[in-house]
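An overview of the molecular structure
Residues per chain, in single letters:
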Amino acid sequence: MFAMRYHRYGGPEVLCLEEAEEPHAGPGQVRVAVRATGVTPADWYLRSGMLRDTAPLGFPHIPGMDAAGTVDEVGEGVVGTAVGDAVFGLVPFADRGGAAARYAVLEAWAHNPRAWSFEEAGGAAGNVDTATRVLEALEATEGMTLLIEGAAGGVGTVTAQLARARGLSVIGTASEGNHGFLDRLGVVPVTYGPGLAERVAPLAPHGIDVVLDAAGKGSLAELVAITGDPRRVITIADFDADRHGVRFSRSEAGASPGWAGLPLAARLADQGQLTIPLHAVFALKETASAHEASAAGHARGKIVITVP
Ligand SMILES: NC(=O)c1ccc[n+]([C@@H]2O[C@H](COP(=O)([O-])OP(=O)(O)OC[C@H]3O[C@@H](n4cnc5c(N)ncnc54)[C@H](OP(=O)(O)O)[C@@H]3O)[C@@H](O)[C@H]2O)c1
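Residues numbered from 1 in each chain as written. Predicted model: local features only at pLDDT ≥ 70, side-chain atom pairs only at ≥ 80, totals over all residues. Heavy atoms only, no water.

A word on the sheet that holds strand β13 (residues 247-248). The strand order β10-β9-β8-β11-β12-β13 describes an open sheet built from 6 strands, whose pairing is parallel. With partners counted over all chains shown, the strands left at the sheet margins are β10 (188-190) and β13, one partner each. Relative to strand β12 (residues 233-235), strand β11 (residues 210-213) is paired through 3 bridges, and the arrangement is parallel. The residue bridging Leu212 from the neighbouring strand is Ile234, located in β12. Packed on one face of the sheet, helix α4 (residues 154-165) meets β8 (145-149), β9 (169-173) and β11 and runs near 175° to β8. Here helix α7 (residues 220-227) sits on the sheet and contacts β8, β11 and β12; the angle it forms with β12, its principal contact strand, is near 155°. (Pairing = 2+ DSSP bridges. Helix = DSSP H or I, 4+ residues; strand = E, 2+ residues; numbered from the N terminus. Contact = heavy atoms within 4.5 Å. Axes fitted to C-alpha atoms, helices over the stretch in contact; angles between N-to-C directions.)

Spelled out as structure tokens, the structure:
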């Protein structure tokens, strides 16, 4: 099969489109003919080698942690999914990639909602998994107010909508150019940076109950001060979390509470409550440009790669 892959750590130039061995669905897995795959900052963190100590890669490595496509192999023990079904889901966690290719194996998936294109579905699973895991860990329930630091990106847009569907009010930080975008997602926008507490106070007269830091830009001290309790703050991006008494949430091997979010996300999509706003769509051969667009740090929604 063809695949985008790289043989050593480095810049976007290490990526090359070439022949690769086909993967096959193991027990509890499906294989899809990939139509689209999402780009997440972790794709280029891993490629650059900055995670080589904590998450070393085997080479050659195919990037892409989530995908949408058509099932063409069903592993032993799988029920409810058949060859020909259109699904979106996550590649095996241990592989740290594999979706930027003709075929990819998924370890968690749901049927595509009618409301989403393959591009939208291809960019959904990773962020739905993360958002669901974080909302569960924050015990986010109806009537609470959630503040999201970095609300306009891939994780932020999905977390905001899933929180709204749970009955939370959501305030989200973004640069001013993204305020109208957040408003259309049902999020009260506020500008990030020093003085956030003063800007948030009039927007949340009853206070902020829980916080997701999806930016990792060094604002944890202020986010903790806003809630008054570090246990009500979770970061997915600030490695200084411990120093602030804040939990760091990350994917781990094995079944994740986030997986339950996949079928729920599909239902919400068909009810018009969950969209996957696309910042940009690239062809597989343009994966290097897709990584560069992600590294620029200002995605409005999700960056997606389509597979021919
Ligand atoms: N631990 C996990 O499980 C996990 C899972 C997924 C992602 N992550 C991490 O979470 C982070 C976000 O991921 P993502 O996929 O959502 O990234 P993304 O789509 O690239 O989001 C970038 C967003 O960050 C915003 N931003 C830039 N500077 C900011 C600042 N100083 N304060 C607040 N927001 C700022 C941008 O908004 P403007 O354009 O308006 O500036 C943009 O919308 C990344 O560091 C990623 O590695 C962790």
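Read on, since the account is not over.
Under the defined criterion, the tally for this structure stands at 8 salt bridges. Taking the shortest distance from any N to any O, the salt bridge between Arg5 and Glu18 comes out at 2.4 Å. Here Arg5, found in strand β1 (residues 2-5), pairs with Glu18, found in strand β2 (residues 16-19); they are 13 residues apart in sequence, far enough to count as distant. With a relative accessible area of 16%, Arg5 lands in the buried category. Residue Glu18 is classed as partly exposed on the basis of its relative accessible area of 22%. Between Glu22 and Arg31 there is a salt bridge, with its nearest N and O atoms 2.8 Å apart. Each of Glu22, Arg31, Asp72 and Glu73 takes part in one network of salt bridges that share partners. (Salt bridge = Lys/Arg side-chain N within 4 Å of Asp/Glu carboxyl O. Buried < 20%, exposed > 50% of the residue type's maximum accessible area, 1.4 Å probe, protein only.)

The subject of this paragraph is the packing of aromatic side chains. What the rule picks out here adds up to 5 aromatic pairs. Geometrically, the ring pair formed by Tyr6 and Phe59 is tilted, given 6.2 Å between the ring centres and 55° between the ring planes. Remark: Phe59 occurs in the loop between α1 (41-48) and β4 (66-74) and Tyr6 occurs in the loop between β1 and β2; sequence separation between them is 53 residues. Centre to centre, the rings of Tyr9 and Phe59 are 5.0 Å apart; their planes meet at 80°, and the pair counts as edge-to-face. (Phe/Tyr/Trp six-rings, centres within 6.5 Å; stacked < 30°, edge-to-face > 60°.)

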